[in-house]
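Spelled out from the first residue to the last, the chains are:
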There are 4 protein chains.
Amino acid sequence: MVIVMKENASEEEVQAVLANVERSGARAHRSNGDRVTVIGTTGALAPEGNVSPLHQQAGVERVLSIDKPYTLASSQIRNGERTVLEIAGRKVGGEHFVLIAGPCTVESQEQTLTTARVVAQVGGTMFRGGAYKPRTSPYAFQGLGREGLRLLAQAKAQTGLPIVTEVMDVRDLEAVLDVADVLQIGARNMQNYPLLAEVGRTRCAVLLKRGLSSTLEELLMAAEYILSEGNPNVMLCERGIRTFETSYRFTLDLMAVPVLKELSHLPVIVDPSHAAGRHELVQPLSLAAAAAGADGVIVEVHPDPSRAVCDGPQALPTDRFAAYASAVRSAAELAGKSFSTV
Amino acid sequence: MVIVMKENASEEEVQAVLANVERSGARAHRSNGDRVTVIGTTGALAPEGNVSPLHQQAGVERVLSIDKPYTLASSQIRNGERTVLEIAGRKVGGEHFVLIAGPCTVESQEQTLTTARVVAQVGGTMFRGGAYKPRTSPYAFQGLGREGLRLLAQAKAQTGLPIVTEVMDVRDLEAVLDVADVLQIGARNMQNYPLLAEVGRTRCAVLLKRGLSSTLEELLMAAEYILSEGNPNVMLCERGIRTFETSYRFTLDLMAVPVLKELSHLPVIVDPSHAAGRHELVQPLSLAAAAAGADGVIVEVHPDPSRAVCDGPQALPTDRFAAYASAVRSAAELAGKSFSTV
Amino acid sequence: MVIVMKENASEEEVQAVLANVERSGARAHRSNGDRVTVIGTTGALAPEGNVSPLHQQAGVERVLSIDKPYTLASSQIRNGERTVLEIAGRKVGGEHFVLIAGPCTVESQEQTLTTARVVAQVGGTMFRGGAYKPRTSPYAFQGLGREGLRLLAQAKAQTGLPIVTEVMDVRDLEAVLDVADVLQIGARNMQNYPLLAEVGRTRCAVLLKRGLSSTLEELLMAAEYILSEGNPNVMLCERGIRTFETSYRFTLDLMAVPVLKELSHLPVIVDPSHAAGRHELVQPLSLAAAAAGADGVIVEVHPDPSRAVCDGPQALPTDRFAAYASAVRSAAELAGKSFSTV
Amino acid sequence: MVIVMKENASEEEVQAVLANVERSGARAHRSNGDRVTVIGTTGALAPEGNVSPLHQQAGVERVLSIDKPYTLASSQIRNGERTVLEIAGRKVGGEHFVLIAGPCTVESQEQTLTTARVVAQVGGTMFRGGAYKPRTSPYAFQGLGREGLRLLAQAKAQTGLPIVTEVMDVRDLEAVLDVADVLQIGARNMQNYPLLAEVGRTRCAVLLKRGLSSTLEELLMAAEYILSEGNPNVMLCERGIRTFETSYRFTLDLMAVPVLKELSHLPVIVDPSHAAGRHELVQPLSLAAAAAGADGVIVEVHPDPSRAVCDGPQALPTDRFAAYASAVRSAAELAGKSFSTV
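These figures come from a predicted structure and were not determined experimentally. (Residues numbered from 1 in each chain as written. Chains lettered and ligands numbered in written order. Predicted model: local features only at pLDDT ≥ 70, side-chain atom pairs only at ≥ 80, totals over all residues. Heavy atoms only, no water.)

*Asks:* Which residues make up the relation of the copies chain D and chain C, and what values do they have?
*Replies:* The two copies are related by a screw operation: chain D maps onto chain C through 180° of rotation and 0.0 Å of translation along the axis, at an RMSD of 0.1 Å. The operation mapping one copy onto its partner corresponds to a two-fold rotation axis. Considering only C-alpha atoms, the part of chain D nearest the rotation axis is A288(D), at 2.0 Å. When the interface residues of chain D are mapped onto chain C, 100% of them again lie at the interface, so the same face is used by both copies. (Least-squares fit on C-alpha atoms with pLDDT ≥ 70 in both. Contact = heavy atoms within 4.5 Å.)

Right under this line is the structure:
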């Protein structure tokens, strides 16, 4: 349920509504807009009679029920207005387009810092890099772990770029939070509910990747797990789905971009690298994503893809990254957005 | 197998190679380029010894074997050069982007001519409209048939726009050829081999739609059916595939655009209307298709979508078509293409 | 709409209802049961007022509307009673299980007759064999055509087995009807509507294969095309669908068996050979199909699979066919069915 | 790599090979058979030269390399012999078929004990019930947790049935191990690698469910995570995959049964309840699974499905469970198996 307050509602009136909701056994989620405060409720409201009717309270403009299984992630709750997150000074969403780039895996100090400097130079918005890697095989390299986190911290110190890195295990969360500006939840963990709940209990921004065969509704329900724990800083990420087609690793579903933006107020990011599996496809797919209205792309870049420990073939070489970024900038502008900067 | 002739090869030398191929039991397909003649062979060449070795013949530069199950559709046969079709004076492929638009179904003279005039005014390249409609239900409207073809002929006479219309039944082919500049093969008929072979025996351009669950290789094999009968004028069309996702009718596979352009020299067109099923998604998907490098889009437009006999919700209203076309033009330019005109 | 006549309705009363339906602009389809006559209507009934209300006519028990997009294929039209077809003396459906076997392609007189004799000896119900083959590649063997039909006719003459063979082209229908007891419509032609309509105008039994990515509803709509033209002799066939899994050619969907039997009164046959692509899987899948309640299986068998022109790896060798048939018989009995014989 | 010891190899010889493998930096996994000891190795073996060649060591019959990305899960490692697990006295695999049944969720003492008694009476092998439930919505009932585990312990005490229950969170593992005889890993957690590794460090049997869009190879790689940590007691479970078909919740992939049994020596269990979503389909699918050679089924049963907290429509009512079990028994016998008992 969504309670839209009047433009001139006082703080006391807002507090009274919040108290009333909580008294009913539900949970209240306050969202301050430029002009209007909105209160989302989750959990069961007590049967009528026990709670003074919300729509009759002072300061309440109207009360809406939501026809989707998700409330806090739905576009209805913000009345069509888009969420703009602010992450270490960079804005994401609305008219702000983010270019997130970096290596699949943090391998060494030189590789990490070289890549981060190139990302910063060409106007990238954030730096990505994996310290904990979910690998299909137990015998494959599983990431540098704590040492990888230290290298990411160095990259941040040198370039000022916010850090996006994956957390797979609730027991690593505290360590990852020390360095991460954005916690990445990988596709395989999109329905790892204990992990979602834990990141929901932080206030750190979350990049939530769509599962390989998850519907958009399931993606939004996963976001709801995070939001309902109190963390409003969620970005959705399309990264390719499983289909019958064998010409590529995954099928990038760009219809998800305009449809998620209809269904939800949350920013929508696209990861073309993992779907493509080959760097030749990354630029056309990035342009397509930006032209379709995505709020950003997250791509892999490496100083020497042929020597990458993991997923080398899909990494853009650093020496072509400036040309790539320039083309993406034009496509974002075509869709009415500009690159997010500090 | 592909035989690349020398730049200065004489017509006699070309003829001698053609004769030699045919003598071996294979079929020769000649392709004249600006500088170089290429000869594709299909069917079994006689075992070595029976044919004088092709690579030793006068005028032959080199002989390539093709590692794909399709030969004539492969990019190898043209050495990376892209095919540019010319259809009633409009070019398709290479740097030429086509905007094909019109109603799903030809319904009446007024609807047809009104729509065609709008398409012509805003710089559309071709007019599409169905006279024979493949419908899931035997009880649904199956198209106006011959009367529909007559209305398409009127639209062509009034606007000069080339006509794209579907043929479903080999027995209708002759009548459809009287009006069509482009024969559309629908997704459900992509593997209707007798139909493919018959349109391959004409020289009319063909828009071949990808089947709902056809791989890119199967699409190219279907093109090969047409090409191997001697008709080189084939355009490939991505129109959405079947996946688990239920938020849209089909999942538009825009990765197919850059990948088909790697695999084949044929132009690649995108139909966003049928995948989306809703006109709100048509513009973002069209921009994405153009930005990804498509050679054109085919969309549905109707003067009054709420009254359309068929698929109204996915039709763009004519009064918003100029703004749509202008946005698509910008996206095509971003990818280095310009709208095709007479 | 379905009109259920009273048990004691006279022929005059039935005729009066039929005439009334036709007068309304709809089409009437009569179905005689053991005790009760049922009349299905398709196409638009005239608006109320123009037709004397059907449920008030003499001899009418009740009038049902059908909530599915298909009428004649729905289980409602027969009130839950299952259709039992009779094909050259063999029953299909209800308690009658059919084992249809033979080579993928008719290759030679010896191969055809040898295989047919084995099928007849071990109690097979019908003989299958392709004379016209839909092939992904235009360069692959396309079947023996008319010569193949002649060999099938010889197999029938020698063994008495009814013949199941595919028709792909409306122009071949007449020739195929000369020999076929069952017309097979392949998966790629499931939505080839002109072909469906033509076989619907015959009275020959039809084995309709599910398209690679067709929903059960689409399969039943395709059956409706045949039924609505007046041919009630339709069998549905599950043969594997396209999924993301790459360990097999297609994913055999055995849930389709009980669900199709809920939705429709038509017999349901399973083809495990094409899904599996390997003969080792054919027996476990055949047993599973029979145990799930299928009305029959259609499998490929060959005297020397290693020399088969087409799909050899999926053919059961003739020398193991007796053991296979015996195991299938036990599984069919488990589901309350027995092998259909003359 | 797999080292097959000679039949008469001494314990000293086995120990010497184990030591040699460990010295090379790899990990050795010993598997004792009735006659022959087999040693699997995982992780990188040191480059040749550093290790005395294994195939020359005393007692070694032969050394095989494995061409799959999984070693310990592969059928090659056991030379085609099937694993038979023993769980609280019940055998699983080989000729032993298990019927695992119980409610989706443990709701109350009465519901739990009533159901467990019925399962025991009709010869069920194990009792299943969820205390921790992965739910798509954060607002849905998430299970009774610790209280649910206590009820399961009571059911075990009263009936003697081993308990199968899900663990979702590494932090709950210890508590779940107190009552579970089999740890269930749900489909959404199939690639939750920290969880797989933790259950791999126990010796408790694991029922590993296939992810909704996981290939068989990915399922076997997930099993390899558990096996490579030293826990050999793994059962694979097919429970339906995501496809385009909308007539059922998931598409049960019964081809997985014979194919997994070719690829792996591990027992294969089928869960028809979650795929079907409706109890009417559970019996035909269970019979099909057994006929296809599955080593067991896991199904939901409830004393009053209409009042079930979760997934009621797919639960078999307890009063029809005896008839169901009897039919499944016949199908298992058809495939050469008998019900596992103490």
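*Asks:* Describe the packing of helix 2 (residues 109–121) of chain B against helix 3 (residues 146–159) of chain B, listing the residues and the values that go with them.
*Replies:* When two helices pack together, their arrangement is given by the angle between the helix axes and by the axis-to-axis distance. Residue and element names in this part refer to chain B. Between helix 2 and helix 3, whose axes approach to 9 Å, the crossing angle comes to 35°. Relative to helix 3, helix 2 is oriented so that their crossing is right-handed. Seen from helix 2, the contacting residues are Q109, T112, L113, A116, R117 and A120; seen from helix 3, they are L151, Q154, A155, Q158 and T159. Class assignment for the residues of the contact of helix 2 with helix 3 results in five nonpolar, five polar and one charged. (Axes fitted to C-alpha atoms, helices over the stretch in contact; angles between N-to-C directions. Helix = DSSP H or I, 4+ residues; strand = E, 2+ residues; numbered from the N terminus. Left-handed = near helix turned anticlockwise from the far one by under 90°. Nonpolar A, V, L, I, M, F, W, Y, C, P; charged D, E, K, R; others polar.)

*Asks:* Can you tell me about the interface of chain B and chain A, naming the residues and giving the values?
*Replies:* At the interface, 37 residues of chain B touch 37 residues of chain A. Interface area, chain B with chain A, both sides summed: about 2,800 Å², of which 73% is carbon and sulfur. Looking only at chain B, the three residues that lose the most surface to chain A are F244(B), Y248(B) and M255(B), adding up to 25% of its buried area. At the boundary of chain B and chain A, one finds four salt bridges. (Buried area = accessible area lost by both parts, 1.4 Å probe. Salt bridge = Lys/Arg side-chain N within 4 Å of Asp/Glu carboxyl O.)

*Asks:* Run through the sheet that holds strand 2 (residues 27–32) of chain C, naming residues and quoting values.
*Replies:* Residue and element names in this part refer to chain C. Read from one edge of the open sheet, four strands run 2-3-1-4, paired in antiparallel fashion. Only two strands of the sheet have a single neighbouring strand rather than two, namely strand 2 and strand 4 (60–64). Here the strands of the sheet are splayed against their neighbours by 20° on average, with no regard to which way each runs. As defined by bridge partners, strand 2 adjoins strand 3 (residues 37–42) across six bridges and the pair is classed as antiparallel. By the bridge assignment, H29 is partnered in strand 3 with G40. Strand contacts of helix 1 (residues 11–23): strand 1 (2–5), strand 2, strand 3 and strand 4, with the helix running at about 155° to strand 2, the strand carrying the most contacts. (Pairing = 2+ DSSP bridges.)

*Asks:* Outline the packing of helix 5 (residues 193–200) of chain A against helix 6 (residues 216–228) of chain A, listing residues and values.
*Replies:* All names here are of chain A. Where helix 5 contacts helix 6, the two axes come as close as 7 Å, and the packing angle between them is 45°. Between helix 5 and helix 6, the interaxial angle falls into the category oblique. Crossing geometry of helix 5 relative to helix 6 is assigned as right-handed. Residue-level inspection shows Y193, L196, V199 and G200 of helix 5 in contact with helix 6, the latter providing A222, Y225 and I226. For the contact of helix 5 with helix 6, the residue count by class is six nonpolar, one polar and no charged. (Parallel < 35°, antiparallel > 145°, perpendicular 65-115°, else oblique.)

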